[in-house]
Amino acid sequence: MSNQPHIIVIGGGFGGLNVVKALQDAPVQITLIDRHNYHLFRPLLYQVAMAGLSPADIASPLRVIFKRHQNVRTILGDVTDIDAEQRQVILATGERLTYDKLVVATGAVYDMKQPS
Ligand SMILES: Cc1cc2nc3c(=O)[nH]c(=O)nc-3n(C[C@H](O)[C@H](O)[C@H](O)COP(=O)(O)OP(=O)(O)OC[C@H]3O[C@@H](n4cnc5c(N)ncnc54)[C@H](O)[C@@H]3O)c2cc1C
């Protein structure tokens, strides 16, 4: 086990990817967790809807993006909770991963409620 700080990044969207890319040559160990095993290039989703591109054209496997970086590991997992006191991320499987620093880059969801 390395003595380097362990950084967990939750989310392999543009936010999470850029954090990992900025740190990939730093003396740290990085774990990138996403519920999907790919990064989706959302700006081209409309091309898929128009059948101009296939879904695979806009989805890049996270493992492939960082395959040359020994200090980056990618995990397919759904984060259900964060235990800030224990510095642990909890996955849907019940597995707990301990971090030194945590980056939450899980994006946003729409609020479909009508304003009152
Ligand atoms: C159709 C469309 C077109 C767009 N076009 C443009 C554009 O042209 N230019 C532009 O600047 N922006 C565009 N955007 C907006 C842009 O895509 C978003 O601003 C950007 O994706 C946000 O990045 P993010 O990393 O914050 O979140 P996201 O891209 O949403 O990434 C979050 C990641 O976290 C993962 N995740 C979330 N919760 C969990 C969990 N509990 N456990 C594990 N993983 C989790 C998700 O699977 C996802 O991979 C577009 C968006 C859409 C939908």
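Rules used in this analysis
- Residues numbered from 1 in each chain as written.
- Predicted model: local features only at pLDDT ≥ 70, side-chain atom pairs only at ≥ 80, totals over all residues.
- Heavy atoms only, no water.
- Near = heavy atom within 4 Å.
- Polar contact = N/O pair within 3.5 Å; in protein donor to acceptor, adjacent residues only side chain to side chain.
- Areas by Shrake-Rupley, 256 points an atom, 1.4 Å probe, with all protein chains shown as cover.
- 1 Å grid on protein atoms, 1.4 Å probe; cavity = no way out; pocket = protein on both sides within 12 Å on 5 of 7 lines; lining within 4 Å.
- Sits in = over half its atoms within 2 Å of the grid points.
- Nonpolar A, V, L, I, M, F, W, Y, C, P; charged D, E, K, R; others polar.
- Pairing = 2+ DSSP bridges.
- Helix = DSSP H or I, 4+ residues; strand = E, 2+ residues; numbered from the N terminus.
- Axes fitted to C-alpha atoms, helices over the stretch in contact; angles between N-to-C directions.
- Points joined across faces, edges and corners; volume = space filled by probe spheres on them.

Participant: Honestly, the site of the ligand in this entry has me stumped. Any pointers?
Facilitator: Near the ligand you find 16 residues, and of these Phe14, Gly15, Asp34, Arg35 and Val79 are the closest. Gly15 has a polar backbone atom sitting 2.8 Å from an oxygen atom of the ligand. Calculation on the ligand without its partners gives an accessible area of 1000 Å², and the protein chains cover 60% of this total. Assessed atom by atom at 2 Å from the grid points, the ligand resides in the largest pocket. Residue composition of the shell around the ligand, grouped by class: four nonpolar, eight polar and four charged.

Participant: How do you make sense of the sheet that holds strand β9 (residues 101-104) when you look at a structure like this?
Facilitator: Note: strands within a sheet are paired through backbone hydrogen bonds, in either parallel or antiparallel orientation. Read from one edge to the other, the open sheet built from four strands follows the order β5-β2-β1-β9, with strand pairing classed as parallel. Both edges of this open sheet fall to β5 (72-76) and β9, since each of them pairs with a single strand only. Each strand axis lies, on average, 20° off the axis of its neighbour in the sheet, ignoring direction. Sheet topology note: the strand β2 (residues 29-34)/β5 ladder contains five bridges and is parallel. Looking at the pairing, Leu32 lines up with Thr74 of β5.

Participant: In this structure, what is going on with the layout of surface pockets? I would like to understand it.
Facilitator: To find leftover empty space, a probe the size of one water molecule is rolled over the atoms. There is about 670 Å³ of room inside the largest pocket. Secondary structure elements with two or more residues in the lining of the largest pocket: α1 (14-23), β2, β3 (38-40) and β6 (79-83). Its residues assigned to classes, the lining of the largest pocket shows twelve nonpolar, ten polar and four charged.

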